[in-house]
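Notes for the structure review
Each chain is listed here by its residues.
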Amino acid sequence: MTRPHAYFAGTGRGVPAKIMTNDDFAAIGIETNDEWIVSRTGIRQRYIAGPNDSTCSMAATAARQAMKRAGVVEGELDAIVLSTATADRLLPATAVDLQAELGASRSAAFDIGAACAGFIFAASVGEGLIATGNAETVLIVGSERMSSIIDWKDRSTCVLFGDGAGAAVLKRVPAKRSLKPAGILSTYMRSDGTLADLLYRPAGGAAIPFSEAVLADRSYLVRMAGREVFKHAVRSMADATDRALDIAKLTPHDIDLLIPHQANIRIIEATAKHANLSMDKVYVNVDRYGNTSSASVAIALDEAIECGRLQPGQTVMLVAFGAGFTWASMVLRV
Ligand code: UT7
């Protein structure tokens, strides 16, 4: 069967209650200001997890909402594919904690690590499981507690990130289908590990385990060469939009809404310009969320559907870029 194999049957999000504005950094001793953050990034606030908000709990909130909207119960899930850079524990995968939390006892559950591009990677994996007949119904999730892994003493990174989760239920497109069924029309994924050290956590893994020295120099936290990452993000997101359109045999004219990874408004604007889409066709919430890594596109997709920016029958392009580097895109009809 040609595409589409799988469609997004329901979406959801799980976001902490606590909001941190740009002005709140002064209180924790960070030398920054609202003007700098807004002009360089477009971010005005972000959500920060409280003590009871884990990567799994935010994922569960998002997942339950997505399942309710999809009309799916836990026993129907064949697989849970969870993308995160902030697993609650190093072993086992956060996906199995989510499986237990949901009571999805028939489901296979595993994490994938593709950073900010992870939700699109997860959707591609989910589509593959459905296309090969290995699954009928797949829960895909992007969930991040970025506040746990950023260096709250480094002003060049700590102002950028936020916490949250987004989820979607993918279901098999019925054999008897309409002329233009909802579903995934194209996917594109790329990685370049030669650039890994531009955005990474130097220590705390198996290669350089935790030690007093690691704790002292804070090398278990995120380090980023911002300007370099920026340049690659613009280039790779442009590549990804071209490729997803090409694979779907569509042109920018066919796209009703672009949902880019929400890291920086300047990267979003450059991506839209390259894709020949005016900003009124671009969903932006970076001002409210900051960069929630792999939750970013998932949260934005859920909001766009909920507020009616995306209507049934419309075509949306998702595109993201992140640590790895990884970058990915997807065109789908909702
Ligand atoms: O999720 C995907 C991965 N991440 C990204 O896509 C992020 C990509 N990078 C970026 O978005 C931008 O590079 C940043 C927003 C991180 C930085 O913007 P920039 O325009 O590239 O600034 P910069 O790093 O070149 O820093 C410019 C100046 C520096 O001062 P000097 O050396 O010019 O005196 C920094 O020290 O801004 C200073 N600075 C700050 N000032 C106030 C850096 N962070 C801050 C801050 N507040 N929070």
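Residues numbered from 1 in each chain as written. Predicted model: local features only at pLDDT ≥ 70, side-chain atom pairs only at ≥ 80, totals over all residues. Heavy atoms only, no water.

Comments concerning the sheet that holds strand S13 (residues 326–333)
Adjacent strands of a sheet form backbone hydrogen bonds with each other and so pair up, either parallel or antiparallel. Taken together, four strands build an open sheet; the order of strands is S8-S13-S12-S11 and the sheet is mixed. A strand with exactly one partner marks an edge of an open sheet, and here the two such strands are strand S8 (183–191) and strand S11 (257–260). Each neighbouring strand pair of the sheet contributes to a mean axis angle of 10°, computed without reference to strand direction. Relative to S13, strand S12 (residues 315–322) runs antiparallel, the two being bridged by eight bridges. Among the inter-strand pairings, Ala 320 is bridged to a residue of S13, identified as Ala 328. (Pairing = 2+ DSSP bridges. Helix = DSSP H or I, 4+ residues; strand = E, 2+ residues; numbered from the N terminus. Axes fitted to C-alpha atoms, helices over the stretch in contact; angles between N-to-C directions.)

Structural notes on the environment of Leu 160
Turning to its location among the elements, Leu 160 is positioned in the loop between helix H5 (155–158) and strand S7 (163–172). Each C-alpha atom of the pair Leu 160 and Arg 44 lies 9.8 Å from the other, and the pair is 116 residues apart in sequence. Ignoring anything within four residues of it in the chain, the contact list for Leu 160 reads Thr 41, Ile 43, Met 224, Gly 290 and Asn 291. (Contact = heavy atoms within 4.5 Å.)

Some remarks on the site of the ligand
What surrounds the ligand is a group of 23 residues, the closest being Thr 32, Arg 40, Arg 227, Asn 264 and Asn 291. The contact in question runs from a nitrogen atom of the ligand to an N or O atom on the backbone of Gly 226, over 3.1 Å. Asn 264 places a side-chain nitrogen or oxygen 2.7 Å from an oxygen atom of the ligand. Alone, the ligand offers 960 Å² of accessible surface; in the complex the protein occludes 76% of this. For the shell around the ligand, the secondary structure elements donating two or more residues are helix H1 (34–41), H5, helix H7 (226–248) and helix H8 (265–274). Ranked by residue count, the leading element in the shell around the ligand is H7, at four residues. Split into classes, the residues belonging to the shell around the ligand amount to 11 nonpolar, seven polar and five charged. (Near = heavy atom within 4 Å. Polar contact = N/O pair within 3.5 Å; in protein donor to acceptor, adjacent residues only side chain to side chain. Areas by Shrake-Rupley, 256 points an atom, 1.4 Å probe, with all protein chains shown as cover. Nonpolar A, V, L, I, M, F, W, Y, C, P; charged D, E, K, R; others polar.)

Some words on the side chain of Ser 107
Its location among the elements puts Ser 107 in the loop between helix H3 (94–102) and strand S5 (108–112). Reaching out from Ser 107, the side chain makes a polar contact with the backbone nitrogen of Ile 80 at a distance of 3.3 Å. Non-local contacts of Ser 107, meaning those with residues more than four positions away in its chain, are made with Leu 77, Asp 78, Ala 79, Ile 80 and Gln 99.

Some points on the environment of Ile 140
Its place among the elements puts Ile 140 in strand S6 (residues 137–145). For Ile 140, a relative accessible area of 0% gives the class buried. Those residues within four positions of Ile 140 in sequence are excluded, and the remaining contacts are Phe 8, Val 81, Phe 119, Ala 122, Ala 123, Gly 166, Ala 167, Ala 168 and Leu 170. (Buried < 20%, exposed > 50% of the residue type's maximum accessible area, 1.4 Å probe, protein only.)

A few points about the domain arrangement of the protein chain
Once the domains are mapped, the protein chain shows domain 1 (6–172) and domain 2 (183–333). Placing a centre on the C-alpha atoms of domain 1 and another on those of domain 2 gives a separation of 14 Å. Listed as interface residues are 53 residues of domain 1 and, on the opposing side, 47 residues of domain 2. For the pair domain 1 and domain 2, the summed buried area comes to about 3900 Å², and 63% of that belongs to carbon and sulfur atoms. Three residues stand out in domain 1 for area buried against domain 2, namely Arg 13, Cys 116 and Ile 120, and they jointly supply 18% of the buried area on that side. The tally of links from domain 1 across to domain 2 stands at five salt bridges. The closest approach of N and O atoms between Arg 13 and Glu 306, which form a salt bridge, is 3.1 Å. (Domains from an automatic or database assignment. Buried area = accessible area lost by both parts, 1.4 Å probe. Salt bridge = Lys/Arg side-chain N within 4 Å of Asp/Glu carboxyl O.)

A look at the layout of surface pockets
Roughly 170 Å³ of internal volume is contained in the second largest pocket. In terms of lining, the second largest pocket is formed by Phe 8, Ala 9, Gly 10, Thr 11, Arg 69, Ile 305, Leu 310, Gln 311, Pro 312 and Val 334. Here the lining of the second largest pocket takes four residues from strand S1 (residues 6–14), the largest share from any one element. Taken together, the residues of the lining of the second largest pocket sort by class into six nonpolar, three polar and one charged. Two domains each donate at least three residues to the lining of the second largest pocket, and these are domain 1 (6–172) and domain 2 (183–333). (1 Å grid on protein atoms, 1.4 Å probe; cavity = no way out; pocket = protein on both sides within 12 Å on 5 of 7 lines; lining within 4 Å. Points joined across faces, edges and corners; volume = space filled by probe spheres on them.)

Quick word on the nonpolar core
In terms of nonpolar packing, the biggest core is built from 42 residues, with Phe 25, Leu 258, Met 317, Phe 321, Phe 325 and Val 331 touching the most fellow members. Within the residue set of this core, elements represented by two or more residues are S8, H7, H8, S12 and S13. A per-element tally of this core places H7 first, with seven residues. No fewer than three residues from each of domain 1 (6–172) and domain 2 (183–333) sit in this core. Those residues within four positions of Phe 25 in sequence are excluded, and the remaining contacts are Met 20, Ile 30, Thr 32, Ile 37, Arg 46, Trp 152, Cys 158 and Val 159. (Core = buried A, V, L, I, M, F, W, Y, C linked by side-chain atoms within 4.5 Å.)

Notes on the environment of Trp 36
Here Trp 36 shows up in helix H1. For the pair formed by Trp 36 and Asn 22, sequence separation is 14 residues and the distance between their alpha carbons is 9.5 Å.

Some thoughts on unusual backbone geometry
Following Arg 3, the chain continues into Pro 4 via a peptide bond in cis, with omega recorded as 0°. For Pro 4, the location among the structural elements is in the segment before S1. The backbone of Ala 115 shows a phi angle near 45°, a positive value even though the residue is not glycine. Topologically, Ala 115 is positioned in the loop between S5 and helix H4 (118–131). A positive phi angle, close to 60°, is found at Arg 218, a residue other than glycine.

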